[in-house]
Each structure stands twice: as structure tokens, then as C-alpha cells.
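Descriptive structure summary
Residue strings, one per chain:
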Amino acid sequence: MSLHSTALNLVSLAEGAEHGGNHDSLNPYVTGGGALLALLLLLWITTRFNRDR
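Model, not experiment: these values are computed from the prediction.

Description of the overall build of the protein
A count of helices and strands for the protein gives 2 helices and 0 strands. In the protein, which comprises 53 residues, the share counted as buried stands at 2%.

Brief notes about the UniProt feature "transmembrane region" (unreviewed entry) in the protein
Per the UniProt entry, the sites bearing "transmembrane region" (unreviewed entry) are residues 26-45 in this numbering. Along residues 26-45 the backbone is 90% helical and 0% strand, and the end-to-end C-alpha distance reaches 28 Å.

Here we look at a nonpolar patch on the surface
Taken together, the side chains of L39, L41, L42, W44, I45 and F49 make up a nonpolar region of the molecular surface, amounting to roughly 690 Å² of accessible area. Looking at the secondary structure, you find W44 in helix α2 (residues 28-49). Residue W44 is classed as exposed on the basis of its relative accessible area, which comes to 51%.

Re α2
With 22 residues, α2 extends 32 Å from end C-alpha to end C-alpha; this agrees with the ideal 32 Å at 1.5 Å per step. Among the residues of α2, the N-terminal cap falls to N27, whose side-chain oxygen and the backbone nitrogen of Y29 are separated by 3.2 Å.

How each quantity is defined
Residues numbered from 1 in each chain as written. Predicted model: local features only at pLDDT ≥ 70, side-chain atom pairs only at ≥ 80, totals over all residues. Heavy atoms only, no water. Helix = DSSP H or I, 4+ residues; strand = E, 2+ residues; numbered from the N terminus. Buried < 20%, exposed > 50% of the residue type's maximum accessible area, 1.4 Å probe, protein only. UniProt positions renumbered as here; feature names shortened; annotations may be inferred. Patch = residues over 30% accessible without salt bridge, like charges linked within 9 Å, V, L, I, M, F, W, Y side chains within 5 Å. Areas by Shrake-Rupley, 256 points an atom, 1.4 Å probe, with all protein chains shown as cover. Salt bridge = Lys/Arg side-chain N within 4 Å of Asp/Glu carboxyl O. Expected span 1.5 Å × (residues − 1). Polar contact = N/O pair within 3.5 Å; in protein donor to acceptor, adjacent residues only side chain to side chain.

Here is the structure:
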């Protein structure tokens, strides 16, 4: 595979030529809220294990 054909494949993949790039079931607010909740949970767990500081 040449560099040129690899670059063309990556460009078409980045543009989402087949599906438009976004999936209908992915709501950005739900995804961001879930990520925030997961990070806050990890922060809470980490602070529970570091009580000696």
C-alpha cells in the first residue's frame, strides 16, 4: 500500500463518506454527562483511598 492510497483512505474515513460521521443514537449531552459522571465517580473513589493526606 502506497502512501498516497493510505492518505486517501484516511481522508475518506475522517470525512465519514459512508455514514455522514454521526450516529443518530449518540446524543452528545448524554455522552458528555455520562463521561462527567464516570470521572466524578473515579475522583470520589480516589479520594476515599487517599485519606492519609
